Amino acid sequence: DLAAYLVAQGFGTSQIWVMEALGGPREKCWNIVADEPDIQQIFDLVCVAVDVTGGLGLPRSCGLSDDLFDHDGQITKRPIRALTLSALAPRPGEVLWDIGSGSGSVAVEFLLAAMGSIAYAVEADAGRAARARGNAESFGVGHRYILTEDRAPDGLANLPPPNVVFIGGGASQALFEAVWQRLPNSGRLVVNAVTLETEALLTAWHGTKGGTMLRIELAEAQPLGTRRGWQPMRPVVQWSVVK
């Protein structure tokens, strides 16, 4: 199973050492390559060592490819996610609230960027919640991603105080008030809006709380007949503020 997993992740040339019955008369250590697994019968398995080679691995920069995440289309797209992570400014050991987690892509990248951090996600849709948990597991941060299936602000009641909050969906006046009340001084809040209604809320809160408002408009080259043209993406308004 381990060999098959490594191959599926693009690390088929990895060397695997299997160690059995260490410290006894039947002690044995044997070696295979992940994509050529000459599997022998294993007795008294103690541990397995892997020298990971092949593949490209994950880049260290924010904004991983959308294809690396399981999603239903409701995902913060790669360039917007990179800007969002920059605004969230992940730091080691911090607590993130990810409200309207969707695919969990923002929380996953936050956890990858900040060692020892924990993400508490709130997502009302059961299918998306399952995908988000699966994404966190596939990136190896599932133990630091804790998801509550509920609607915000109700789902925030039992969460520990955050250092930073991201609202990616379901913004409302009641949610803003609940988050602002729980956000400690020096806590950071980042909100992405794609609807006029949410944008109006952000404009009002920006007027009273300050911070930075950013309108993000991007276009991607797409086929246009026999040639190519620019296909605009839906604009995103981002408000970020330190309390």
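Residues numbered from 1 in each chain as written. Predicted model: local features only at pLDDT ≥ 70, side-chain atom pairs only at ≥ 80, totals over all residues. Heavy atoms only, no water.

A few points about helix α3 (residues 105-113)
Part 1: Judged by how many residues are buried, α3 sits mostly within the fold: 7 of 9 residues are covered.
Part 2: Listed as buried for α3 are Ser-105, Val-106, Ala-107, Val-108, Glu-109, Phe-110 and Leu-111.
Part 3: On its buried side, α3 packs onto α2 (78-88), β4 (95-99), β5 (118-122), α4 (126-138), β6 (145-148) and β7 (164-167). (Buried < 20%, exposed > 50% of the residue type's maximum accessible area, 1.4 Å probe, protein only. Helix = DSSP H or I, 4+ residues; strand = E, 2+ residues; numbered from the N terminus. Contact = heavy atoms within 4.5 Å.)

Quick notes on the sheet that holds strand β2 (residues 28-33)
Part 1: Strand order in the open sheet formed by 3 strands is β2-β1-β3, with antiparallel pairing between adjacent strands. In this open sheet, the two edge strands, each paired with only one partner strand, are β2 and β3 (45-51). Here the strands of the sheet are splayed against their neighbours by 20° on average, with no regard to which way each runs.
Part 2: With 6 bridges connecting them, strand β1 (residues 15-20) and β2 associate as antiparallel partners. Bridge assignment links Trp-17 to a residue of β2, and that residue is Asn-31. (Pairing = 2+ DSSP bridges. Axes fitted to C-alpha atoms, helices over the stretch in contact; angles between N-to-C directions.)

A few points about α4
Part 1: With 13 residues, α4 extends 18 Å from end C-alpha to end C-alpha; this agrees with the ideal 18 Å at 1.5 Å per step.
Part 2: Those residues of α4 that fall on the buried side of the exposure criterion are Ala-129, Ala-132, Asn-135 and Ala-136. Along the long axis of α4, the arc covered by the buried residues comes to 125°, so they all point the same way.
Part 3: Where α4 is buried, its residues touch α3 and β6.
Part 4: Where α4 begins, one side-chain oxygen reaches toward the backbone nitrogen of Gly-127, 3.0 Å away; that side chain belongs to Asp-125.
Part 5: One or two positions beyond α4, positive phi appears at Gly-140, with a value near 80°. (Expected span 1.5 Å × (residues − 1). Arc of directions from axis to C-beta. Polar contact = N/O pair within 3.5 Å; in protein donor to acceptor, adjacent residues only side chain to side chain.)

Everything listed here is a matter of geometry and, on its own, says nothing about what the molecule does.
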